[in-house]
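Residue-level listing of the chains:
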Amino acid sequence: MSSAIPEENTLGVIIGGKSRRREADATRRVIRAATPRRSSLGTGFIGIGAAVVVALRAVYGFVWFLGLWDVYPNPYPALAAWLVLIVTLVATFVTARVSGDLLPDWAFVLFLLGLGASVALDLYAVWPLHNVGFYTTAAVTAGMGLLIVVTLRRTVDVLVSVGVLGAALATAMIVNTAWSADTASGQITTLAFAVLPAVIGVFVVSGFRRLVQIELDRVLVQSTVSAPRFAVGMLASEELARLDLAAEELLDSVATGKVKLPLDPKTASTAASLATELRLHLIEGRRETWLYHAITESDLLGKAVTLTDKGSLAGLLDPQQRDGLLSTAWLLVSDSTKASAARTVALVIGPATASVDTPQGRKISVPIVITTTGAPRNRVDPATWEAIGRVGKYVDSTENQSLRVEIQALVDNPADQ
């Protein structure tokens, strides 16, 4: 990372990787604090949609079951399977709504037991017919019923559950059904209807969560675009708020007479520590630019972007140039595929060159070099070039099969302000 990384914490102690990770986790703590207890990121609405889809599939399956009533040697186990399945699905949905779009472990276990009982009863009812794929109804709906919990449980929970269900149905089909050209398609189709909806739902919800988390992360660090040249980040703001409260409490205690003057050694040591921390925070605020905070406090950029800005020249960029540079880093890092999953970006800013005459007055030319790994030029999104153009004139080239961009950003001379 750049030389702007502080070498000590607010108490003047040399810091290492652990302290830097605390600083990089600031955005994640803000996200967790801002997330309500209900299903996060709007996935609760996806859960309601999944429940509607499951209800429609249940109606279709139950009607199909009624049409086969006279075919069953004993239809009552199949009817019991449907009753158990309906009670399980309704009870789970109501429990999740009442508990704030959460499904506790005990409720999830009961949900799985209900689905398992429904599948077992349905298989028992159709076993004498020797065609599991054609006659099972409640078992197929039970597999699709796992869609109800895709937004309430971990991905691994749902995938393991649907895997066990699929294995049970596949085993029953192999053991009970005489496979032929006439029966094979029905077995495979039924197995797909039971397994694929939950699997697809898991990947859709996971992709949605990742997308929204990335956008929320970007919104949080986007505030740095309008920050002063040197500023404190979100983590430092939290510490400053804590220090401010501690200082106010100490001063109030002295003012009200709770703490007598002169201060005892322990209280005097506390006051001295508060003063030292506040002073060091002011010093740090004079060293760290908005771009440093935008990178280190972003969950995505902090892992993939390296900044070198020895002269803290990023603070001289105007809001439009800042937005362009930050957008460039985001687009280069987030717009990745499996082929370029290890994409990284290195930003080198400065040193400043001679001033340049422009129609708006004399400007300072600040060179910015962007070097990527895992980002071939032909895979760069067109929006990236537009963002780079907002920073300044640029020249791009290919270096080690990756993109290298050299930008000349014209900024106001701080000596003229």
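Keep in mind it's a predicted model, so treat the numbers as computed, not measured. (Residues numbered from 1 in each chain as written. Predicted model: local features only at pLDDT ≥ 70, side-chain atom pairs only at ≥ 80, totals over all residues. Heavy atoms only, no water.)

1. Quick word on the overall build of the protein
For the protein, the count of helices and strands is 15 helices and six strands. Counting every position in the protein, which comprises 417 residues, the buried fraction comes to 43%. Roughly 21500 Å² of accessible area belongs to the protein as shown, and the carbon and sulfur atoms make up 64% of that amount. (Helix = DSSP H or I, 4+ residues; strand = E, 2+ residues; numbered from the N terminus. Buried < 20%, exposed > 50% of the residue type's maximum accessible area, 1.4 Å probe, protein only. Areas by Shrake-Rupley, 256 points an atom, 1.4 Å probe, with all protein chains shown as cover.)

2. Thoughts on the UniProt feature "transmembrane region" (unreviewed entry) in the protein
Those places that UniProt annotates as "transmembrane region" (unreviewed entry) correspond, in this numbering, to residues 45-69, 75-94, 106-127, 133-152, 159-179 and 191-208. Helix makes up 92% of residues 45-69 and strand 0%. Its end C-alpha atoms lie 36 Å apart. For residues 106-127, helix accounts for 95% and strand for 0%, while the C-alpha atoms at its two ends are 31 Å apart. (UniProt positions renumbered as here; feature names shortened; annotations may be inferred.)

3. Description of a nonpolar patch on the surface
The grouping of Trp127, Ile174, Val175, Trp179 and Ile188 at the surface amounts to a nonpolar patch, some 550 Å² of accessible area in total. Turning to its location among the elements, isoleucine 188 is positioned in helix H9 (residues 184-222). Accessibility expressed as a relative area gives 53% for isoleucine 188, which makes it exposed. (Patch = residues over 30% accessible without salt bridge, like charges linked within 9 Å, V, L, I, M, F, W, Y side chains within 5 Å. Salt bridge = Lys/Arg side-chain N within 4 Å of Asp/Glu carboxyl O.)

4. Description of helix H7 (residues 138-145)
Most of H7 is tucked away, with eight of its eight residues classed as buried. Looking at H7, one finds that the buried residues are Ala138, Ala139, Val140, Thr141, Ala142, Gly143, Met144 and Gly145.

5. Remarks on the packing of helix H5 (residues 105-126) against H7
Taken N-terminus to C-terminus, the directions of H5 and H7 make an angle of 160°; their axes are 8 Å apart at the nearest point. By the angle between their axes, H5 is roughly antiparallel relative to H7. At the point where H5 passes H7, the crossing takes the left-handed sense. From H5, Phe111, Leu115, Ser118, Val119 and Asp122 reach across to H7, where they touch Ala138, Ala139, Ala142 and Gly145. Looking at the contact of H5 with H7 residue by residue, the class counts come to six nonpolar, two polar and one charged. (Axes fitted to C-alpha atoms, helices over the stretch in contact; angles between N-to-C directions. Parallel < 35°, antiparallel > 145°, perpendicular 65-115°, else oblique. Left-handed = near helix turned anticlockwise from the far one by under 90°. Contact = heavy atoms within 4.5 Å. Nonpolar A, V, L, I, M, F, W, Y, C, P; charged D, E, K, R; others polar.)

6. Notes on the environment of threonine 267
Within the secondary structure layout, threonine 267 lies in helix H11 (residues 265-284). Remark: the alpha-carbon pair of threonine 267 and leucine 250, spanning 17 residues in sequence, is separated by 8.7 Å. Beyond its immediate chain neighbours, meaning those up to four positions away, threonine 267 contacts Leu250 and Val259.

7. Some thoughts on the packing of aromatic side chains
Tallying each qualifying case throughout the model produces nine aromatic pairs. With a centroid separation of 5.7 Å and an interplanar angle of 85°, the aromatic rings of tryptophan 69 and tyrosine 76 are classed as edge-to-face. Pairing tryptophan 385 with tyrosine 394 gives two aromatic rings, centres 5.9 Å apart and planes at 20°, and the pair type is stacked. On the basis of relative accessible area, tryptophan 385 is assigned to the buried category, the value being 16%. Taking relative accessible area as the criterion, tyrosine 394 reaches 31% and is therefore assigned partly exposed. An aromatic cluster is built from Phe62, Phe65, Trp69, Tyr72, Tyr76 and Trp82, whose rings are joined through pairwise contacts. (Phe/Tyr/Trp six-rings, centres within 6.5 Å; stacked < 30°, edge-to-face > 60°.)

8. Examining the packing of helix H14 (residues 319-334) against helix H15 (residues 382-391)
Across the interface, H14 lies against H15 with an axial gap of 7 Å and an inter-helix angle of 150°. Between H14 and H15, the crossing angle belongs to the class labelled roughly antiparallel. Classified by chirality, the crossing of H15 by H14 is left-handed. Facing Gln320, Gln321, Asp323, Gly324, Leu325, Ser327, Thr328, Leu331 and Leu332 of H14, the residues of H15 in contact are Ala383, Thr384, Ala387, Ile388, Arg390 and Val391. In the contact of H14 with H15, the residues fall into seven nonpolar, six polar and two charged.

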